[in-house]
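# Commentary on secondary and tertiary structure
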Amino acid sequence: MHYRPLNYHLVGEPPSSDLFAPFHPGAYLQEYYSYLGAENRELLAFLDQAYGHIFTDRASASMLEFGGGPTIYQLISAARYPVTIDFSEYLEENLIEVQQWLEDRPGQFAWDDFFEYVLRLEGVPSDGPAIEQRKHQIRSKVRRLLYCDAKCPEPLDYIDAVPYDIVSTNFVLESITMDMHEWYRLIDHIEPLVKPQGYLLMCAIMGATHYRVGELFFPAVPVTLELIEAVLRQRNYAIIAVNTVAAEHREEQGYDGICMVLARKGTG
C-alpha cells in the first residue's frame, strides 16, 4: 500500500546549531535504533501504556513532540488515538529526516520492527498491511514540522504557539547541556507548553556526562528518575507512571540506563 506524499513545510527559522553542527541524523539512528533491543522494547511498552492511560478520560488531544530528533518511534502508539501532532526539533537536518519519512520518500529510515512490536503490544495484527496502516495514521495526524529551542524561554518558533494537551520530550533536556542549573531552566522553559490537566511524557538517559553518536560524543547531565520526579512535583505535576531499564551498552554509549515518566499537570 502506498500513500501520496503530504508535502510538509518546516515552520519557523532554524536556530544556530553551534555545538551540534557535527550531529548526523543517520549516525544517531544507526547508533540507537538499528535494532530493537531491551531499551527500545521497554520504551515502546511504556509509551503504549502511557497513551492508553491518557486516552481513558479524553475524546481527543493536541500533542507536541518536543525535540523529536530524527525519530518517529514515539508517534507509533500516539497515532492509534484521536490526536493532532506538531513535531518540533532544533536541528534542521533532523527535521528533514522526519520530513523524508512523513512524505514516504525513498531512502527513509526503516522503522518496521518498531511498528511490528507496538502492534503486537496492542494485540492487533502486526503484518505488512497493518504496519502500513499505522504509518498512514501517523502521516495523517502530524499537521506541521516546527523548529524549537529548549534554551529559549519561549522555545517554539511560531506565532500562535499555545499549550498542548500532551507534550512528549524524549532524550532532550539532559542531552543538550553539561550544566545542571541550566537543565532546571530547560524544564522551566518547556513545562508551560503543557495545558493545565495536560500530560508530560518525558524519557531520559540516566547517569550520563556524555553520550555517543558514531565517533563523536555530545554533552549530558547525570539526571536520575528520582530527580525528575522531584522537579516535576515541585512544578505542580502528579507522577502517574514511571519505569527504568539498564543500558545495554553502558561503556560504549556513556549512560547507565533510561528512565520514563508520565506526569499530569495540576490546575494552577
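Residues numbered from 1 in each chain as written. Predicted model: local features only at pLDDT ≥ 70, side-chain atom pairs only at ≥ 80, totals over all residues. Heavy atoms only, no water.

## Brief notes about the packing of aromatic side chains
Considering all chains together, one arrives at 15 aromatic pairs under this definition. Seen from their ring centres, Y33 and Y73 are 5.1 Å apart, and the 25 degrees between their planes marks the pair as stacked. Pair noted here: Y33 is in helix α1 (residues 25–33) and Y73 is in the loop between β2 (61–65) and β3 (83–89), with a separation of 40 residues, a long-range link. The burial state of Y33 is the same as that of Y73; both residues are buried. Put simply, the rings of F23, Y28, Y32, Y33, Y73, F109, W111, F114, Y211, F218 and Y255 pair up and form one aromatic cluster. (Phe/Tyr/Trp six-rings, centres within 6.5 Å; stacked < 30°, edge-to-face > 60°. Helix = DSSP H or I, 4+ residues; strand = E, 2+ residues; numbered from the N terminus. Buried < 20%, exposed > 50% of the residue type's maximum accessible area, 1.4 Å probe, protein only.)

## Quick look at the pairing of strand β10 (residues 257–265)
Burial analysis of β10 places nine of its nine residues in the buried class, the great majority of the element. A two-sided burial pattern is seen for β10, the buried positions comprising G257, C259, V261, A263 and K265 on one face and I258, M260, L262 and R264 on the other. Of the strand pairs in this sheet, strand β6 (residues 194–206) and β10 are connected by eight bridges, and their pairing is antiparallel. Counterpart to C203 in the pairing with β10 is M260. (Pairing = 2+ DSSP bridges.)

## Remarks on the nonpolar core
By size, the foremost hydrophobic cluster in this structure holds 95 residues, and its most contacted members are Y33, Y51, F66, Y73 and W111. For this core, the element with the highest residue contribution is β6, accounting for nine residues. Apart from residues no more than four positions distant in its own chain, Y33 is found in contact with Y28, N40, T71, Y73, F109, W111, F114 and F171. (Core = buried A, V, L, I, M, F, W, Y, C linked by side-chain atoms within 4.5 Å. Contact = heavy atoms within 4.5 Å.)

## Digging into the pattern of salt bridges
All chains considered together, the criterion is met by 18 salt bridges. Here D86 and R144 are joined by a salt bridge, their closest N and O atoms 3.0 Å apart. Of the two residues, D86 is situated in strand β3 and R144 in strand β4 (residues 142–147); the sequence distance between them amounts to 58 residues. When sorted by exposure, D86 lands in the same class as R144, which is buried. (Salt bridge = Lys/Arg side-chain N within 4 Å of Asp/Glu carboxyl O.)

## Points about the state of the cysteines
Structurally, a disulfide amounts to a covalent bond that connects the sulfur atoms of two cysteines. Under the counting rule described, the total for this entry stands at zero disulfides. There is no disulfide at C152, and the cysteine sulfur nearest it, in C148, is 9.6 Å away. Take C152: its relative accessible area is 31%, and that puts it in the partly exposed class. Here C259 is not disulfide-linked; the sulfur of C203 is the nearest cysteine sulfur, at 7.6 Å. (Disulfide = S-S within 2.5 Å.)

## Things to note about the side chain of E89
Following the sequence through the fold, E89 ends up in strand β3. A polar contact of 2.9 Å, which involves the side chain of E89, links it to the backbone nitrogen of G69. Looking at E89, its side chain comes within polar contact range of the main-chain nitrogen of L91, at 3.2 Å. The contact partners of E89, leaving out residues within four places of it in the chain, are G67, G68, G69, N94, L95, L146, Y147 and C148. (Polar contact = N/O pair within 3.5 Å; in protein donor to acceptor, adjacent residues only side chain to side chain.)

## Structural notes on α1
When we look at burial in α1, the residues that qualify are P25, Y28, L29, E31, Y32 and Y33. The buried side chains of α1 occupy one side of the element, clustering within an arc of 165 degrees when seen end-on. (Arc of directions from axis to C-beta.)

## Observations concerning the side chain of R264
When you line up the elements, R264 lands in strand β10. Of the polar contacts made by the side chain of R264, one reaches the side chain of D57; its length is 3.1 Å. When near neighbours in sequence (up to four residues on either side) are disregarded, R264 contacts D57, R58, Q197, G198, Y199, N236, Y237, A238 and I240.

## What about the confidence of the model for the protein?
Scored by pLDDT, the protein comes out at a mean of 89, with 89% of its residues at no less than 70. Considering only residues more than four positions removed or in separate chains, one finds that residues 1–6, a stretch of pLDDT under 50, has eleven contacts. (pLDDT = per-residue confidence, 0-100.)

## Some words on the packing of helix α4 (residues 112–122) against helix α5 (residues 128–141)
α5 packs onto α4 with a crossing angle of 100 degrees between their chain directions and a minimal axis gap of 10 Å. Judged by the angle between their axes, α4 and α5 are roughly perpendicular. Between α4 and α5, the residues in contact are D112, F115, E116, V118, L119 and E122 and A130, I131, R134, K135 and I138, respectively. Here the residues of the contact of α4 with α5 are counted per class, giving six nonpolar, no polar and five charged. (Axes fitted to C-alpha atoms, helices over the stretch in contact; angles between N-to-C directions. Parallel < 35°, antiparallel > 145°, perpendicular 65-115°, else oblique. Nonpolar A, V, L, I, M, F, W, Y, C, P; charged D, E, K, R; others polar.)

## Topic: the pairing of strand β7 (residues 210–213)
Along β7, the buried face is formed by Y211 and V213; none of H210 and R212, which line the opposite face, is buried. As paired elements, β7 and strand β8 (residues 216–219) share four bridges and run antiparallel to each other. From the neighbouring strand, V213 faces β8, where its bridge partner is L216. Between β7 and β8, which pair antiparallel one after the other, the connecting turn spans two residues, and G214 there sits at a positive phi close to 65 degrees.

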